[in-house]
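Residues per chain are reported as follows:
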Amino acid sequence: MSRPTPLYFDYAATTPVDDRVIEMMLTCLGRDSHFGNPASSGHAFGQAARNAVETAREQVAQCVGAQAEQIVWTSGATESNNLALKGIAQGCAQPGHLITSAIEHKAVLDTADQLQQLGWDVTRLRPGRDGLITPAQVTAALRPETRLVSLMAVNNELGTVTDFAAIGEQVRAQGALLHVDGAQAVGKLKLDMRTQAVDLMSFSAHKAYGPKGIGALYVGERALPLLRAQMHGGGHERGLRSGTLPSHQIVGMGSAFALAGQPGDAEYLRIQQLSQRLHDGMLALPGVRLNGCPTQRIPHTLNLTIDTPGFNAAALAGELAVSSTSACNSASQAPSHVLLALGLEPQAARNSVRISLGRYSTQAQVDAAVAVLARVLGAASTALW
Ligand SMILES: *Cc1c(COP(=O)(O)O)cnc(C)c1O
């Protein structure tokens, strides 16, 4: 198999698994490892696997400021979002009011559509041109019958940050619950479930240098009595999510979250500098604009509209591994629902790319990426004459 282009700028779509995480995963795979079924409590093989799983649960809890027993393993943030929304909806005596936004991940948007079909009243808040959903917007939309608010911490296409802690205070004052999709937040925002007013939060390992196919849902004490399982079987995870625990995936997620770091640490500052360099290089090129709020954002993700005649976003992705539409919508060629919600024209949305940086990004790669875009744009504008 040939190695794909070395210029990987799509960390927001997925990350490679960190070598240290791979090593941990191997301790739960082979016959000389803790390969046992974590539910086989009657023998040493099961107990060793169980211990590995519980250590990982502690690591994830520690990373997000939760208690270990508040972490429920799932197959990823898609499942966590489904469990949170459908699970709370089922726990309510009758359909109520759900607030979400037009720029959520499809795993929330499509689930909200399902709840609407079951009789829920759904408000989809629209962001301003800056891509932000504000606490004031949420407050204005809250009603006595609002049961649940679901908003993302960091937008996966824009990198903009929602002030979810302030929103959570308002939501709780109204007696509703706040679910936050935190798939893009780990290692990038300070997360502390003890002090932030969040009732449910979704996580995914593969956005944070862990393996694909494993995630978690944080379930706080206000949400627990209402949450109903969506996967029934052996009663694993205290009945909230049945199925044999994938111990190798789980220890992978645990060690990835233990390595995640946080804002202000050396790795975060390194990404910040690289991002500034990338931003300055790209925005100096003709017709390039930044989408989303320039300040309330993580440095890792930049979304650019490239308004140069002849520019083809999909062609750029052949040379530079960026997203021309969100990978999560890749089944359709439709322009990004996020960019359309910001008010971009469909053609401008099609001429947009998401460039995201991560742990293995280097300054040489950033400079090469700027050079590639400069060349593509040079070619695009000369092609016109
Ligand atoms: C990637 C992503 C998801 C889906 O996570 P999976 O673990 O791939 O199912 C959900 N929400 C956001 C914001 C994401 O970035």
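Above this text you will find the structure in question.
So, a few notes on the structure that sits alongside this text. Sequence order as written defines the numbering, with residues in each chain counted from 1. Since the coordinates come from a predicted model, pLDDT governs what is reported: local features require at least 70, and pairs of side-chain atoms require 80 or more to be given and counted, while whole-chain, interface and lining totals use all residues. Processing note: side-chain calculations cover all non-hydrogen atoms of the structure and skip hydrogens and water entirely.

### Structural notes on unusual backbone geometry
Okay, step 1: A positive phi is found at Tyr209, a non-glycine position, where the angle reads about 70°.
Okay, step 2: Residue placement: Tyr209 occurs in the loop between β6 (200–204) and β7 (215–219).
Okay, step 3: Using a 1.4 Å probe on the protein chains alone, a residue whose accessible area is under 20% of its type maximum counts as buried, one over 50% counts as exposed, and one in between counts as partly exposed. Using a relative accessible area of 12% as the deciding quantity, one classes Tyr209 as buried.
Okay, step 4: At Arg238, a position not held by glycine, the phi torsion is positive, near 50°.
Okay, step 5: Helix and strand assignments follow DSSP, with helices taken as H or I runs no shorter than four residues and strands as E runs no shorter than two, numbered in order from the N terminus. Topologically, Arg238 is positioned in the loop between β7 and α7 (247–258).

### Quick notes on the pairing of β6
Okay, step 1: Along β6, 5 of the 5 residues are buried, which leaves the element largely enclosed by surrounding structure.
Okay, step 2: Judged by which residues are buried, β6 turns out to be covered on both faces: Leu200, Ser202 and Ser204 on one side and Met201 and Phe203 on the other are all buried.

### So, the pattern of salt bridges
Okay, step 1: Should a side-chain nitrogen of Lys or Arg be within 4 Å of a carboxyl oxygen of Asp or Glu, the pair is scored as a salt bridge. Counting across every chain of the model gives 17 salt bridges.
Okay, step 2: In this structure, the salt-bridge partner of Arg57 is Glu54, at a minimum N-O distance of 2.8 Å. Separated by 3 residues within a single helix, Arg57 and Glu54 lie in helix α2 (residues 44–64), roughly one turn from each other.
Okay, step 3: The class for Glu54 is partly exposed, based on a relative accessible area of 25%.
Okay, step 4: As a salt-bridge pair, Arg124 and Asp113 come within 2.9 Å of each other at their nearest N and O atoms.

### Observations concerning the nonpolar core
Okay, step 1: We call a set of buried Ala, Val, Leu, Ile, Met, Phe, Trp, Tyr and Cys residues a nonpolar core when their side-chain atoms join them within 4.5 Å. Formed by 58 residues in total, the largest nonpolar core has its most connected members in Trp73, Leu191 and Met201.
Okay, step 2: In terms of residues, this core owes the most to one element, α2, which gives 5 residues.
Okay, step 3: Each domain's extent is set by a domain assignment, obtained either automatically or from a database. The residues that make up this core include at least three from each of domain 1 (7–15 + 262–383) and domain 2 (19–258).
Okay, step 4: Should any heavy atoms of two residues lie within 4.5 Å, those residues are counted as being in contact. Those residues within four positions of Trp73 in sequence are excluded, and the remaining contacts are Val53, Ala56, Arg57, Val60, Ile214, Gly215, Ala216, Glu237, Arg241, Leu245, Ile250 and Met253.
Okay, step 5: Within the second largest apolar cluster, 26 residues are counted, among which are Met282, Phe311, Val353 and Val366.

From the geometry alone we can't say anything about function, so treat these as descriptive.
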